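A closer look at the structure
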Amino acid sequence: VTAASKIQMLVCCPYDAMGATMATYGGQNVGAKRLDRISKGLKSCLIIGAVYSAVALGITVLFGKQIAWLFIDQGEKQILGQVYLYLLGSGVCYMLLAVVNIVRFLIQGMGYSMFAILAGVCEMVARGFAGFILVPAFGYGAVCLGNGLAWLAADLFLIPAYFHVMKRLRRLFQEEKER
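Everything in this summary refers to the structure shown in the same document. Only a predicted model underlies this, so the values are computations on that prediction, with no experimental measurement involved.

Before going further, it helps to examine the pattern of salt bridges. If the charged atoms of two oppositely charged side chains come close together, the side chains can form a pair. Applying the stated rule across the entire model yields 4 salt bridges. With its nearest N and O atoms 3.2 Å apart, the salt bridge here joins Lys33 to Glu176. On the criterion of sequence distance, the pair formed by Lys33 in the loop between helix 2 (13-31) and helix 3 (35-68) and Glu176 in helix 8 (residues 146-178) is long-range, its members being 143 residues apart. Residue class for Lys33 comes out partly exposed when judged on its relative accessible area of 45%. Measuring nitrogen to oxygen at the nearest pair gives 3.1 Å for the salt bridge that ties Arg34 to Asp36. A relative accessible area of 37% means that Arg34 is categorised as partly exposed.

Here it is as structure tokens:
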């Protein structure tokens, strides 16, 4: 898990960059009262996230074992399969991570940081569920899917939260316009 996590940290840096970009983008467009641009920007960034997710998964599938050798000793060949399985388990869920980072940071940049915090709580609860319930029942395979489960839980919260925030801001801007 340690070796795979190091690799995953490198692979996942672009998701952090996408999130940071969307935080700034969201804040600027809320300040300019241009909510129409937020939806367009979100769509564009999600497309970029999907393309990157496919590329990252492809690299993981094709070169995951070779990359793993950078983080494990040559004498630890039995670990290689476990590292690769963990990378694949997370890799197939990278689009879920893209949505988490893009939408979470967008909402935060729009001024609704509490939703970002609650999404983190959803991730934490899902990881706890995976660790305490799934791992004892299914073993290492459940560990490999723990990230994906956490990202899915956050997404299930963040997507409706995004629509709620947009609805709230539209109403707020409409009320300001009417004054």
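Time to look at the side chain of Thr60. Locating Thr60 in the fold gives a position in helix 3. Here Thr60 is in contact with Tyr84, Leu87, Leu88 and Tyr94, once residues within four sequence places are set aside.

This next bit is on the nonpolar core. In terms of nonpolar packing, the biggest core is built from 44 residues, with Tyr15, Ile38, Val83, Ile107, Met110, Tyr162 and Leu169 touching the most fellow members. Those elements that place two or more of their residues in this core are helix 1 (2-11), helix 2, helix 3, helix 4 (77-91), helix 5 (94-109), helix 6 (113-138) and helix 8. For Leu169, the contacting residues outside a window of four places in its chain are Val30, Leu35, Met110 and Tyr112.

So, on to the packing of helix 3 against helix 4. In the contact formed by helix 3 and helix 4, the axes pass within 9 Å of each other and the chain directions differ by 160 degrees. Classified by the angle their axes make, helix 3 and helix 4 are roughly antiparallel. Our pair here, helix 3 against helix 4, has a crossing hand that is right-handed. Judged by residue contacts, Leu57, Thr60, Val61, Gly64, Lys65 and Ala68 of helix 3 engage Leu80, Val83, Tyr84, Leu87, Leu88 and Gly91 from helix 4. Each residue belonging to the contact of helix 3 with helix 4 can be placed in one class, and the counts come to 8 nonpolar, 3 polar and 1 charged.

Parameters at a glance
Residues numbered from 1 in each chain as written. Predicted model: local features only at pLDDT ≥ 70, side-chain atom pairs only at ≥ 80, totals over all residues. Heavy atoms only, no water. Salt bridge = Lys/Arg side-chain N within 4 Å of Asp/Glu carboxyl O. Helix = DSSP H or I, 4+ residues; strand = E, 2+ residues; numbered from the N terminus. Buried < 20%, exposed > 50% of the residue type's maximum accessible area, 1.4 Å probe, protein only. Contact = heavy atoms within 4.5 Å. Core = buried A, V, L, I, M, F, W, Y, C linked by side-chain atoms within 4.5 Å. Axes fitted to C-alpha atoms, helices over the stretch in contact; angles between N-to-C directions. Parallel < 35°, antiparallel > 145°, perpendicular 65-115°, else oblique. Left-handed = near helix turned anticlockwise from the far one by under 90°. Nonpolar A, V, L, I, M, F, W, Y, C, P; charged D, E, K, R; others polar.

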